[in-house]
Amino acid sequence: MTIPTPTPPTFDARPLVEPVPPGAARAFVQELKRTGRLPSASATVVVFIVVGVAILFVFGSVAVTLISAVFGAIAAVMAGTGEAAGWGVLAAFLPLLFIGGIATVAVIVAVRLARGGDERMYRLDRFARANGMSYVPRFDDPALPGMIFSVGSARNATDLVRGDRPRFVEFGNYEYTTGSGKNKTTHNWGYVAVKLDVPLPNIVLDATSNNSLFGSNLPASFDKDQRLSLEGDFDRYFDLYCPEGYETDALYLFTPDIMARFIDHVAALDVEIVDDWLFLYSRRQFSTLDPATWAWLFSVVGALLDKFAQWARWRDDRLAAPPRSVQDAAALSAPSVAAGSAGTGAVAGGQAPASDVPFVPPMDALRPPPGVAPQGRRLQQRVPWLPIIIIGAFALFWILSQAGVFGALLGGLFGR
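Source: prediction; values computed, not measured.

## Re the packing of aromatic side chains
Right, so step 1: Across all of its chains, the model carries 23 aromatic pairs by this definition.
Right, so step 2: Aromatic pair Tyr 174 and Tyr 176: ring centres 6.0 Å apart, planes at 45 degrees, arrangement tilted.
Right, so step 3: Assessed through its relative accessible area of 2%, Tyr 176 is described here as buried.
Right, so step 4: When the ring of Phe 254 is compared with that of Phe 262, the centres are 5.5 Å apart and the planes differ by 55 degrees; the resulting orientation is tilted.
Right, so step 5: Here the aromatic residues Phe 149, Phe 168, Tyr 174, Tyr 176, Trp 189, Tyr 191, Trp 277, Phe 279 and Tyr 281 are joined through ring pairs into a cluster of three or more.
Right, so step 6: Above the ring of Phe 28, the side-chain terminus of Arg 126 is found at 5.5 Å from the ring centroid.

Quick look at the structure:
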């Protein structure tokens, strides 16, 4: 019997594009602030105000100085004429008009940014409700086990859209910062988090389509000894890493039909399985007002959901508890008198001898409990030496060039 490929789940995208009633977005955001679901000032507005003030003081002071100098010079040239006084007054008041104009533009832009953010949150909340989900505008430092959630500082997830049918799924945008001062960098991600039925080994599918010149775009690098090659074309789309000793388990989880699903639907995304979670990562925002992005994400999740039931049956044999003693082992292997007495067949008009009826332990007693042994819970990471060496080489070249070493060397070679 051929199992049909599931069609992408339908969803209602109208709240993302339909007109917003006047005042509805502002009232919604005020309610978020009143209930504590949103800080009083959004990070975007705060950053804009800080940057705007800096620009106003730095460039504004330069502009004021230049304007004052120009009109002061004009007033000096026209000294002795009746127009000199007018140019002097203009030189005094024009810088104030200039600063006032900059401040007005800054206020207008800030108001529009705030209104745009309010409308965005309003639309995403209505979109989540229309599709049986919920919306969370911001969540600082989410306690998720994925690799991107433990890197850097100032970690926060925004515009979270969550649902719990048929299992918990969360779509969100995420950012964190690394470095400090001039070397400070903000990293932005989109992610999907899917709750699984049981903990699984830490497995990473590094998509080859989004790698850069320096290799993987993921924030972690893994020992090559953990690289596992799978059959077919899978290696063209993903580099699969699993803990050493868990190769057979990875093959059990990634059967040919599951590999086909990942190739057809997830080839543009990086995948991580850790504990009882599956994460999909991308450098682009996932929670947006674009209906096409949501249609794609819903189709990706819908294509994978029905395959997770196969993974629920996986157990780590390393967690199987051995018999506590020789007597326990003998008890498990010896025939059971009670089982023999309850046998189904009679021999020569009587019950079958107990020694002829083998004891079969219950299946639950033989299966290991859900979980992963310590050696399979996390992949072994390595230091990404190649980009470090390349960046170090460029830095060394710049330092030597600024110090004049190359000029002196070339002058010594070709000076004669």
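Let us keep going from here.
## Some details on the nonpolar core
The tendency in soluble globular proteins is for nonpolar side chains to be buried side by side.
Right, so step 1: Judged by nonpolar contacts, the single largest core of 59 residues is most densely connected at Leu 240, Phe 254, Phe 262, Leu 278 and Trp 311.
Right, so step 2: With 8 residues, strand β4 (residues 185–207) is the largest single contributor of residues to this core.
Right, so step 3: Counting 22 residues, the second-largest nonpolar core is a separate cluster that includes Val 136, Leu 144, Val 204 and Ala 220.

## Digging into the pattern of salt bridges
When charged atoms on two side chains of opposite charge get close, those side chains can pair.
Right, so step 1: Under the definition given, this model contains 18 salt bridges.
Right, so step 2: As a salt-bridge pair, Arg 123 and Glu 119 come within 3.3 Å of each other at their nearest N and O atoms. In this pair, Arg 123 and Glu 119 are both assigned in helix α4 (residues 84–130), 4 residues apart and thus about one turn of the helix distant.
Right, so step 3: Note on Glu 119: relative accessible area 34%, which makes it partly exposed.
Right, so step 4: For the salt bridge of Arg 318 with Asp 249, the shortest nitrogen-to-oxygen distance reads 3.3 Å. Of this pair, Arg 318 sits in the loop between α9 (308–311) and α10 (326–333) while Asp 249 is found in helix α6 (residues 247–253), placing the two residues 69 residues apart along the sequence.
Right, so step 5: Given a relative accessible area of 34%, Arg 318 falls into the partly exposed group.
Right, so step 6: A relative accessible area of 11% places Asp 249 in the buried class.
Right, so step 7: One continuous salt-bridge network, built from bridges that share partners, spans Asp 125, Arg 126 and Arg 129.

About the criteria used
- Residues numbered from 1 in each chain as written.
- Predicted model: local features only at pLDDT ≥ 70, side-chain atom pairs only at ≥ 80, totals over all residues.
- Heavy atoms only, no water.
- Phe/Tyr/Trp six-rings, centres within 6.5 Å; stacked < 30°, edge-to-face > 60°.
- Buried < 20%, exposed > 50% of the residue type's maximum accessible area, 1.4 Å probe, protein only.
- Lys NZ or Arg CZ within 6 Å of the ring centre and 35° of its normal.
- Core = buried A, V, L, I, M, F, W, Y, C linked by side-chain atoms within 4.5 Å.
- Helix = DSSP H or I, 4+ residues; strand = E, 2+ residues; numbered from the N terminus.
- Salt bridge = Lys/Arg side-chain N within 4 Å of Asp/Glu carboxyl O.

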